[in-house]
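As a plain string of letters, each chain reads:
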Amino acid sequence: MTLPLMPKATAVWLVENTALTFDQIAKFCGLHPLEVKGIADGEVFQGIVGLDPVAHGQLVQSELDKAQTNPRYEMKVSESANPPPRSRSKGPRYTPVSRRQDRPDAIAWLLRHHPELSDAQVCRLIGTTKPTIKAVRDRSHWNSQNIKPVDPVTLGLCSQIELDQAVQKAADRVKGEGAPDDEDDYDEANAPETLEALIEVEAEEVEEEGVAPGWAN
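A brief look at the structure comes next.

Scoring rules and cut-offs
Residues numbered from 1 in each chain as written. Predicted model: local features only at pLDDT ≥ 70, side-chain atom pairs only at ≥ 80, totals over all residues. Heavy atoms only, no water. Helix = DSSP H or I, 4+ residues; strand = E, 2+ residues; numbered from the N terminus. Buried < 20%, exposed > 50% of the residue type's maximum accessible area, 1.4 Å probe, protein only. Contact = heavy atoms within 4.5 Å. Salt bridge = Lys/Arg side-chain N within 4 Å of Asp/Glu carboxyl O. Axes fitted to C-alpha atoms, helices over the stretch in contact; angles between N-to-C directions. Parallel < 35°, antiparallel > 145°, perpendicular 65-115°, else oblique. Left-handed = near helix turned anticlockwise from the far one by under 90°. Core = buried A, V, L, I, M, F, W, Y, C linked by side-chain atoms within 4.5 Å. Arc of directions from axis to C-beta. Nonpolar A, V, L, I, M, F, W, Y, C, P; charged D, E, K, R; others polar.

**Details of the overall build of the chain**
Point 1. When helices and strands are counted, the chain shows 11 helices and 0 strands.
Point 2. From first element to last, N terminus to C terminus, the chain shows the α and β order α-α-α-α-α-α-α-α-α-α-α.
Point 3. Looking at the chain as a whole, 38% of its 217 residues are labelled buried.
Point 4. Across the chain, every contact between residues at least 6 apart in sequence was considered, and the portion connecting residues at least 24 apart equals 65%.

Next comes the structure, spelled out in structure tokens:
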């Protein structure tokens, strides 16, 4: 049976926004009914942001309406006309200049709302470095007085799906059900924030000395 793209996040949304039975939600999302009951009781999948399957084209409204009026009806996942999303490579994520100053705000939001995320996960999500995260956390960042927590999805630094996946992985790790986070698979030497700073420094040297920067050769 075809399952929705983000089954756990979808189950969270269905529990919070519909009158479906636990069995209906479990079958649609490929979960056990007790897991769905755990969502309703606030015991599992805490911190996962709900994903509306209708808004994301994974369920038609008529299917949802039919299921809510008939507890025995089993909903079917819609076939998306859109191509599957491309997985992002592990290479550096480019961040537009206009968005780079938003990273500290995004870090502050993640530290406040998702403290279960490891520093390595935060680095991968928004292309930052551990020293920057530490500076925001202990308020030693040069611009601390102006940092305001803002959702990184709203800022365009990561997608909602990427954030949900990271939160889910962190929640599983905290409960001891997931693999430990690989702290070594994110190369800070090639982190977007590091490369951007390097390019800016070399550009200043070009302006002062009139020589071509190394990255331009």
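Having seen the structure, we can now continue with the description.
**Observations regarding the pattern of salt bridges**
Two side chains carrying opposite charge are able to pair once their charged atoms lie near each other.
Point 1. With the rule as written, the count across this model stands at 5 salt bridges.
Point 2. For Asp-172, the salt bridge is made with Lys-8, and the minimal N-O distance between the two is 3.7 Å. With Asp-172 in helix α10 (residues 160-174) and Lys-8 in helix α1 (residues 7-17), the pair connects residues that are 164 residues apart, well separated along the chain. Of the two residues, Asp-172 and Lys-8, both sit in the buried class.
Point 3. With a closest N to O distance of 3.1 Å, Asp-138 and Lys-134 form a salt bridge.

**Side note on the packing of helix α6 (residues 103-113) against helix α7 (residues 119-126)**
Point 1. Relative orientation of the contacting elements α6 and α7 amounts to 140°, with a least axis distance of 11 Å. The angle between α6 and α7 falls in the class oblique. Along this stretch, α6 crosses α7, giving a crossing that reads as right-handed. Taking contact as the criterion, the partners of Arg-103, Ala-106, Ile-107 and Leu-110 in α6 are, on α7, Val-122, Leu-125 and Ile-126.

**Let's talk about the nonpolar core**
Point 1. By size, the foremost hydrophobic cluster in this structure holds 43 residues, and its most contacted members are Leu-14, Met-75, Leu-110, Leu-117, Leu-125 and Ile-126.
Point 2. The set of elements that each furnish at least two residues to this core consists of α1, α2 (22-29), α3 (33-40), α4 (61-69), α6, α7, α8 (130-137) and α10.
Point 3. If we ignore the near neighbours within four places in the chain, the residues touching Leu-14 are Leu-20, Ile-25, Phe-28, Cys-29, Pro-53, Leu-64 and Met-75.

**A look at the side chain of Thr-10**
Point 1. Here Thr-10 is to be found in helix α1.
Point 2. A relative accessible area of 0% places Thr-10 in the buried class.
Point 3. Residues contacting Thr-10, with those up to four places away along its chain left out, are Pro-4, Phe-28, Cys-29, Leu-51 and Pro-53.

**Some words on α3**
Point 1. Among all positions in α3, only Val-36, Gly-38 and Ile-39 are buried. Angular distribution of buried residues about the axis of α3 spans 155°; they occupy a single face of the element.
Point 2. For α3, the elements touching its buried residues are α1 and α2.
Point 3. Positive backbone phi, approximately 75°, marks Gly-42, located one or two places after α3.

**As for the packing of α2 against α3**
Point 1. Contact geometry of α2 with α3 gives a least axis separation of 8 Å together with a crossing angle of 115°. Judged on the interaxial angle alone, α3 and α2 are roughly perpendicular. Crossing handedness for the pair α2 and α3: right-handed. Between α2 and α3, the contacting residues are Phe-22, Asp-23, Ile-25 and Ala-26 on the first element and Pro-33, Val-36, Lys-37 and Ala-40 on the second.
Point 2. When its residues are assigned to classes, the contact of α2 with α3 shows 6 nonpolar, no polar and 2 charged.

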